[in-house]
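Residue strings, one per chain:
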Amino acid sequence: MEMLRELFANAGDAYRLKRDYYLLTSCVGFVALGVALLIMSFEHKLLTPLNDILAIVLFIGSIPFVFYVSALCVAGIFGIVMVRLNRFTPDEAWFYASRSRYPSHWYKDYEAKG
């Protein structure tokens, strides 16, 4: 339950991001949405032969899982790319993908140290 609260709190932090990072994370989100819709279209085809009520219950019940898994996969791939480009640390990539926690230097109020 604590992780769910953190996910919602971190998602609300998106408005505190610098403009470029806000646009970047929005694009990552849209790609994740597209992947989720693609998965759901395949899922719908797989569930079609089942009983109507059972297919509807399974389809609706899987929506949160499909959206979270697609967001996790897309953000994870993005995090790996950012680590390879030396823009994220591995920890930042992990928290970006799993908990939607943005790196501190992405925020508007961030002041570089040193």
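Analysis parameters
- Residues numbered from 1 in each chain as written.
- Predicted model: local features only at pLDDT ≥ 70, side-chain atom pairs only at ≥ 80, totals over all residues.
- Heavy atoms only, no water.
- Core = buried A, V, L, I, M, F, W, Y, C linked by side-chain atoms within 4.5 Å.
- Buried < 20%, exposed > 50% of the residue type's maximum accessible area, 1.4 Å probe, protein only.
- Helix = DSSP H or I, 4+ residues; strand = E, 2+ residues; numbered from the N terminus.
- Contact = heavy atoms within 4.5 Å.
- Patch = residues over 30% accessible without salt bridge, like charges linked within 9 Å, V, L, I, M, F, W, Y side chains within 5 Å.
- Areas by Shrake-Rupley, 256 points an atom, 1.4 Å probe, with all protein chains shown as cover.
- Salt bridge = Lys/Arg side-chain N within 4 Å of Asp/Glu carboxyl O.

(A) Seen up close, the nonpolar core. If you look at the biggest cluster of nonpolar residues, it comprises 15 residues, and the most contacted ones within it are L17, F78, F88, Y96, Y102 and W106. Looking at this core, the elements with two or more residues in it are α2 (19-47), α3 (52-84) and α4 (90-99). Ranked by residues supplied to this core, first place goes to α3 with four residues. The contacts of F78, once residues within four sequence positions are left out, are L24, V28, F88, Y96 and W106.

(B) Highlighting a nonpolar patch on the surface. A cluster of nonpolar side chains, M3, Y68 and L72, forms an exposed patch at the surface whose accessible area comes to about 230 Å². Turning to its location among the elements, M3 is positioned in helix α1 (residues 2-12).

(C) Structural view of the pattern of salt bridges. Here the structure, examined in full by the defined rule, presents two salt bridges. The salt bridge involving D13 is made with R16; its shortest N-O contact spans 3.3 Å. For D13, a relative accessible area of 18% translates into the label buried. Accessibility expressed as a relative area gives 38% for R16, which makes it partly exposed. For the salt bridge of R16 with D109, the shortest nitrogen-to-oxygen distance reads 3.7 Å. With R16 in the loop between α1 and α2 and D109 in the segment after α4, this pair connects stretches of sequence that are 93 residues apart. By sharing partners, the salt bridges in this structure join D13, R16 and D109 into a single network.

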